[in-house]
Amino acid sequence: MGAISSAIPIDSDGRFSGYASLFNRRDAGGDVVMPGAFTQSLARRGKRIRLLFQHDPKEPVGTWETIGEDGHGLFVTGRLVPGVPRADALRRLIENGALDGLSIGFRTVRASRAGGLRKLWQIDLFEISIVTFPMLEDARIAPSGLSTGAAIAAATHTIRNR
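Small disclaimer: the values here were computed from a predicted structure and weren't measured. (Residues numbered from 1 in each chain as written. Predicted model: local features only at pLDDT ≥ 70, side-chain atom pairs only at ≥ 80, totals over all residues. Heavy atoms only, no water.)

## Considerations on the overall build of the chain
- Assigned secondary structure in the chain consists of 3 helices and 7 strands.
- Looking at the chain as a whole, 41% of its 162 residues qualify as buried.
- Here the analysis covers contacts within the chain between residues at least 6 apart in sequence; of these, 68% occur between residues at least 24 apart.
- Counting every atom, the chain has about 8,900 Å² of accessible surface; 54% of that belongs to carbon and sulfur. (Helix = DSSP H or I, 4+ residues; strand = E, 2+ residues; numbered from the N terminus. Buried < 20%, exposed > 50% of the residue type's maximum accessible area, 1.4 Å probe, protein only. Contact = heavy atoms within 4.5 Å. Areas by Shrake-Rupley, 256 points an atom, 1.4 Å probe, with all protein chains shown as cover.)

## Focus on the environment of aspartate 31
- Mapped onto the fold, aspartate 31 is located in strand E2 (residues 31-33).
- The spacing of aspartate 31 and methionine 135 is 104 residues in sequence and 9.3 Å in space, taken between C-alpha atoms.
- Those residues within four positions of aspartate 31 in sequence are excluded, and the remaining contacts are Arg25, Arg26, Phe106, Arg118 and Leu120.
- Separated by 2.8 Å, the side chains of aspartate 31 and arginine 118 make a polar contact. (Polar contact = N/O pair within 3.5 Å; in protein donor to acceptor, adjacent residues only side chain to side chain.)

## Some words on unusual backbone geometry
- Look at asparagine 24: it is not a glycine, yet its phi comes out positive at around 60°.
- If you trace the backbone, asparagine 24 turns up in the loop between strand E1 (15-22) and E2.
- We note that histidine 55 has phi near 65°; this positive angle belongs to a residue other than glycine.
- Looking at the secondary structure, you find histidine 55 in the loop between strand E3 (50-53) and strand E4 (56-69).
- Exposure remark for histidine 55: the relative accessible area of 32% places this residue in the partly exposed category.

## Describing the nonpolar core
- Counting 28 residues, the largest nonpolar core has Phe16, Phe38, Leu74, Leu80, Ile104, Ile128 and Ile130 as its most contacted members.
- Listed by contribution, the elements that provide at least two residues to this core are E1, E3, E4, strand E5 (73-80), helix H2 (85-95), strand E6 (101-114) and strand E7 (117-131).
- The greatest single-element share of this core, amounting to 5 residues, is contributed by E7.
- Those residues in contact with phenylalanine 16 that lie beyond four places of it in its chain are Pro9, Ile10, Leu51, Trp64, Val76, Thr77, Gly78, Arg79, Leu80, Leu102, Ile130 and Ile141.
- Tyr19, Phe75, Leu136 and Ala139 belong to the second largest nonpolar core, which has 5 residues in total. (Core = buried A, V, L, I, M, F, W, Y, C linked by side-chain atoms within 4.5 Å.)

## A closer look at the layout of surface pockets
- Here the second largest pocket is characterised by a volume of approximately 210 Å³.
- Forming the boundary of the second largest pocket are 20 residues, of which Asp27, Ser103, Ile104, Met135 and Leu136 lie nearest the centre.
- With 4 residues, E6 is the largest single contributor of residues to the lining of the second largest pocket.
- Counted by class, the lining of the second largest pocket contains 14 nonpolar, 3 polar and 3 charged residues. (1 Å grid on protein atoms, 1.4 Å probe; cavity = no way out; pocket = protein on both sides within 12 Å on 5 of 7 lines; lining within 4 Å. Points joined across faces, edges and corners; volume = space filled by probe spheres on them. Nonpolar A, V, L, I, M, F, W, Y, C, P; charged D, E, K, R; others polar.)

## What about the pattern of salt bridges?
- Following the criterion strictly, the structure yields 11 salt bridges and no others.
- With a shortest N-O distance of 3.4 Å, arginine 15 and aspartate 13 are connected by a salt bridge.
- Since its relative accessible area comes to 31%, arginine 15 is described here as partly exposed. (Salt bridge = Lys/Arg side-chain N within 4 Å of Asp/Glu carboxyl O.)

## A short note on the confidence of the model for the chain
- On average, residues of the chain carry a pLDDT of 88, and 85% of them reach 70 or more.
- This stretch, residues 1-5, has a pLDDT under 50; its non-local contacts, to residues over four places away or in other chains, come to 0 contacts.
- Taken as a whole, residues 154-162 scores under 50 in pLDDT and shows 5 contacts with residues more than four places along the chain or in a different chain. (pLDDT = per-residue confidence, 0-100.)

Okay, here's the thing in C-alpha cells:
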C-alpha cells in the first residue's frame, strides 16, 4: 500500500496556486512569453484580472488573490467562490487531480517574430482561466507543497520591486 500524498492542489477554502505562464517556453500556438511581458498590465489592471473557466466570460468562478512575475513566469494564487455551482464542481475536480490547467487571456501589445515563433514582449492580460487543455503544457495548478515555495518567491519578488 502506497503512502497518501499530502500535497493536495487546493485547500478547504478553495485556494490554489500555480504558474499561469512560463517565460521563454513555446506554447502550442508558437508564442513565447518573455520576462517582463506582464509588468505594465499588472500595474494597470491589478485586481481587475478575472478568474474564469475555459476563457468563457459567462463563467467567472473565483478571484485572483495574487498575480506576480518571478524569474520563472507568472505565478498566481486564486480562490474559487463557494456556492457557485461551477466553482464547487471545479474544486472537486482539482482536488481529485482531474483538472489542473491554467491559461492566460490577453491582447498582444508588443511582439516580434523569429524562427517561426512569436515572442511576446508586452501583453495586456485581462483574464486567467482554469482549463482542461492549456496552450502551454506546463501552465498548471501546483500541488500545495510546491506552490507554497513558489508563492513565497513571487511575493518576495513583488515586494522587492515596489
